[in-house]
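Each chain, letter by letter, is given below.
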Amino acid sequence: MGERGQKTQAAVLSVLRRHRRALSAYELLGKMRDTHPRISAPTIYRALAALTELGQVHRLESLNAFIACKNRRHDCTAVLSICDDCGSIEESEAPDLVAELSKVTARSGFAALRHVIEIHGRCASCGDGEARA
């Protein structure tokens, strides 16, 4: 990765870190146009792919959007709790859950390459303050 690519990654990561909710690639593009007027969608997608590979960004499959990784341990699978009301996202770790999921899929001969665990619901601020099962 060249110096320009690394600078683009740093800029994309900076924008994602300033937001509490996930952003699509085109939302990122819009937010970056003032400071990077020549930036293009393919450049954003390349930066997001590299940051995802490095474990610094999570791609939310259900939203087709991205969020900065809040966990410093990039080798762990994140459990992402997504508030359907305000869009906030909390990141947690559940290594036992991931190990159990891997055992379940391995029984059928399936080899998981990655885990994406997304849970949709309401955060404490939007809900009645009580966690729901």
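These lines cover the structure that appears in this document, whether it is placed above or below.

What counts, and where the lines are drawn
Residues numbered from 1 in each chain as written. Predicted model: local features only at pLDDT ≥ 70, side-chain atom pairs only at ≥ 80, totals over all residues. Heavy atoms only, no water. Buried < 20%, exposed > 50% of the residue type's maximum accessible area, 1.4 Å probe, protein only. Helix = DSSP H or I, 4+ residues; strand = E, 2+ residues; numbered from the N terminus. Arc of directions from axis to C-beta. Contact = heavy atoms within 4.5 Å. Pairing = 2+ DSSP bridges. Axes fitted to C-alpha atoms, helices over the stretch in contact; angles between N-to-C directions. Core = buried A, V, L, I, M, F, W, Y, C linked by side-chain atoms within 4.5 Å. Parallel < 35°, antiparallel > 145°, perpendicular 65-115°, else oblique. Left-handed = near helix turned anticlockwise from the far one by under 90°. Nonpolar A, V, L, I, M, F, W, Y, C, P; charged D, E, K, R; others polar. Phe/Tyr/Trp six-rings, centres within 6.5 Å; stacked < 30°, edge-to-face > 60°.

With that out of the way, let us pick up helix α2 (residues 25-32). Among the residues of α2, A25, L28, L29 and M32 are the ones counted as buried. Along the axis of α2, the buried positions cluster into a sector of 100°, meaning they face one direction only. Among the structural elements, α1 (3-17) and α3 (41-53) are those in contact with the buried residues of α2.

Our next topic: the sheet that holds strand β4 (residues 89-93). Strand order in the open sheet formed by three strands is β4-β3-β5, with mixed pairing between adjacent strands. In this open sheet, the two strands that pair with only one neighbour each are β4 and β5 (117-121). Adjacent strand axes in the sheet meet at a mean angle of 20°, parallel and antiparallel pairs treated alike. Two elements, strand β3 (residues 78-83) and β5, share five bridges in a ladder whose sense is parallel. When the bridges of β5 are listed, L80 appears paired with E118.

Turning our attention to the nonpolar core. Of all hydrophobic cores here, the largest spans 19 residues; its most connected members are V12, L16, L28, M32, I44, L48 and V57. Secondary structure elements with two or more residues in this core: α1, α2, α3 and β2 (65-68). With near-sequence residues (within four places) excluded, M32 lies in contact with A11, V12, V15, I39 and I44. With eight residues, the next largest nonpolar core counts A22, A65, I67 and I82 among its residues.

Further remarks concern the packing of α2 against α3. One can describe the packing of α2 onto α3 by two numbers: an axis separation of 9 Å at closest approach and a directional angle of 115°. One way to sum up the angle between α2 and α3 is to call them roughly perpendicular. In terms of crossing hand, the pair formed by α2 and α3 is right-handed. Taking contact as the criterion, the partners of A25, Y26, L28, L29 and M32 in α2 are, on α3, A41, I44, Y45 and L48. The residue makeup of the contact of α2 with α3, split by class, is nine nonpolar, no polar and no charged.

Inspection of every chain in the model, using the stated rule, returns one aromatic pair. Judged by centre distance (6.3 Å) and plane angle (70°), the rings of Y26 and Y45 are edge-to-face. Placement of Y26 in helix α2 and of Y45 in helix α3 is noted, with a sequence separation of 19 residues between them. The exposure class assigned to Y45 is partly exposed, which follows from its relative accessible area of 41%.

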